[in-house]
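So you can see what is in the structure, the chains are spelled out below.
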Amino acid sequence: MIIETKVEGANVIATVSGDIDGKTAPQVQSELLAALQAGNRLLVDMNGVSYLSSAGLRMLLLLYRQVASKKGKVVLVSVSEEIRDTMSMTGFINFFTLAETREAGLAALA
Amino acid sequence: MKSLCLPATLDALEEIGKYIVEAAKNADLDAKAAYGLRLAVDEIATNIITHGYKEAGKIGDVAVSGVLTDSSLTIVLEDTGIPFDPMSHNLPGDDYLSLPLEERPIGGLGIFLVLKGVHAFNYEHVDGRNRNIFVMNRPVGTPE
């Protein structure tokens, strides 16, 4: 699992690579929540994520709550088709902005 | 298919995932079916490791095995953690799924994803062992 975060103004930009499951989700969650101390707009580039279990959905839920409480926004970039299916059937997809590319994601964050 | 027996820790999830990906490939499942199966098995394995063993203060193994026939792929997870029937869980209904994320209780989605991901799911407790059984229908006309 590789997690990189950087802060650009009020934007927190995260790049996550690897499977997000019951083992790795807590680690991703704590790093992204820590990064959110610096801003309320979060972009997560998930190009390197091909698998996300319910532990990953729980992580997205907590990130969403954290950001919503600070009147911010979460944009997910390059979400795989299977993960989008999981987010659709659980109703999660309506709460996140999805973008195909990093550039489109940054534009959606503004 | 050769079965795999692993210490029931979260490190097992990756190995189980690889086993399922391989099994799905051997069964000629398409990408969506393979993903749904992996998700289903992973959700149950996570529950076994976390609730069946760790939170119950138990240690042990989780075994994964697969049986391939002309018409189906059956995956079985076996463990000796506390008896737990995943179907005894209340499934999130439409009420839950339409709640805003702010108001949702955390958890409860795992079993929902299990039932969405496979064609049949069964649980039995036999001789002190939990057996979680996942069945996928194979594509019709699959060459042997």
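Let me begin by describing the structure that accompanies this report. (Residues numbered from 1 in each chain as written. Chains lettered and ligands numbered in written order. Predicted model: local features only at pLDDT ≥ 70, side-chain atom pairs only at ≥ 80, totals over all residues. Heavy atoms only, no water.)

Description of the sheet that holds strand β5 (residues 97-99) of chain A
All names here are of chain A. Across the sheet, 5 strands lie side by side as β1-β2-β3-β4-β5; this open sheet has mixed pairing. The two strands at the open ends of the sheet, each matched to only one other strand, are β1 (2-8) and β5. The average undirected angle you get between the axes of adjacent strands in this sheet is 20°. Direction of pairing for strand β2 (residues 11-17) relative to strand β3 (residues 41-48): parallel, over a ladder of 6 bridges. Pairing of T15 across the sheet is with D45, part of β3. Sheet strands in contact with helix α1 (residues 25-35) are β1, β2 and β3, and its direction is about 10° off that of β1. (Pairing = 2+ DSSP bridges. Helix = DSSP H or I, 4+ residues; strand = E, 2+ residues; numbered from the N terminus. Axes fitted to C-alpha atoms, helices over the stretch in contact; angles between N-to-C directions. Contact = heavy atoms within 4.5 Å.)

A word on the environment of B:G117
All names here are of chain B. Considering the arrangement of structural elements, one finds G117 in helix α4 (residues 109-117). Using a relative accessible area of 13% as the deciding quantity, one classes G117 as buried. In sequence terms G117 and K32 are 85 residues apart; their C-alpha atoms lie 8.9 Å from each other. Not counting residues up to four positions away in its chain, the partners in contact with G117 are G36, L37 and M136. (Buried < 20%, exposed > 50% of the residue type's maximum accessible area, 1.4 Å probe, protein only.)

So, the nonpolar core
A:L42, A:L76, A:M87 and A:F96 are the most contacted members of the largest nonpolar core, which totals 39 residues. The element contributing the most residues to this core is helix α2 (residues 54-69) of chain A, with 8 residues. The residues touching A:M87, leaving out its near neighbours within four places in the chain, are A:L57, A:L60, A:L76, A:V79, A:F92, A:I93 and A:F96. Counting 32 residues, the second largest nonpolar core, distinct from the first, contains B:A12, B:L29, B:L37 and B:A45. (Core = buried A, V, L, I, M, F, W, Y, C linked by side-chain atoms within 4.5 Å.)

Side note on the interface of chain B and chain A
Chain B puts 25 residues into the contact, and the matching count from chain A is 27 residues. In total, chain B and chain A occlude about 2200 Å² of area from one another, counting both sides; carbon and sulfur atoms represent 62% of this. Taken together, the connections running from chain B to chain A amount to 4 salt bridges. B:K32 serves as the salt-bridge partner of A:E81, at 3.1 Å between the closest nitrogen and oxygen. Summed over the shared surface of chain B and chain A, the number is 7 residue pairs in polar contact (both at pLDDT 80 or more). At the level of elements, α2 (31-54) and α4 of chain B are the ones that each hand at least two residues to the side of chain B that touches chain A. Among the elements that line the side of chain B that touches chain A, the one with the most residues is α2(B), at 8 residues. Of the residues belonging to the side of chain B that touches chain A, the class tally is 13 nonpolar, 3 polar and 9 charged. (Buried area = accessible area lost by both parts, 1.4 Å probe. Salt bridge = Lys/Arg side-chain N within 4 Å of Asp/Glu carboxyl O. Polar contact = N/O pair within 3.5 Å; in protein donor to acceptor, adjacent residues only side chain to side chain. Nonpolar A, V, L, I, M, F, W, Y, C, P; charged D, E, K, R; others polar.)

Considering the packing of aromatic side chains
Aromatic ring pairs are reported here in terms of the distance separating the ring centres and the angle at which the planes meet. The full count for this structure, using the stated rule, is 4 aromatic pairs over all chains. Ring centres 5.5 Å apart and planes at 55° place the aromatic pair A:Y51 and B:Y35 in the tilted group. Separated into two different chains, A:Y51 in the loop between β3 and α2 and B:Y35 in helix α2 make up a pair that spans both. Summarising the burial analysis for this pair, A:Y51 and B:Y35 share the class buried. (Phe/Tyr/Trp six-rings, centres within 6.5 Å; stacked < 30°, edge-to-face > 60°.)

Observations regarding α2(A)
For α2(A), which comprises 16 residues, the first-to-last C-alpha distance of 22 Å matches the rise-based estimate of 22 Å (1.5 Å per residue) to within 8%. Listed as buried for α2(A) are A:S54, A:A55, A:G56, A:L57, A:M59, A:L60, A:L61, A:L63, A:Y64 and A:V67. Turning to α2(A), the residues buried within the fold contact α1, β3, β4 (73-77) and α3 (81-89) of chain A together with α2 and α4 of chain B. Residue A:K71 follows α2(A) closely and has a positive phi angle near 55°. (Expected span 1.5 Å × (residues − 1).)

Everything listed is a geometric property; what it means functionally is a separate question.
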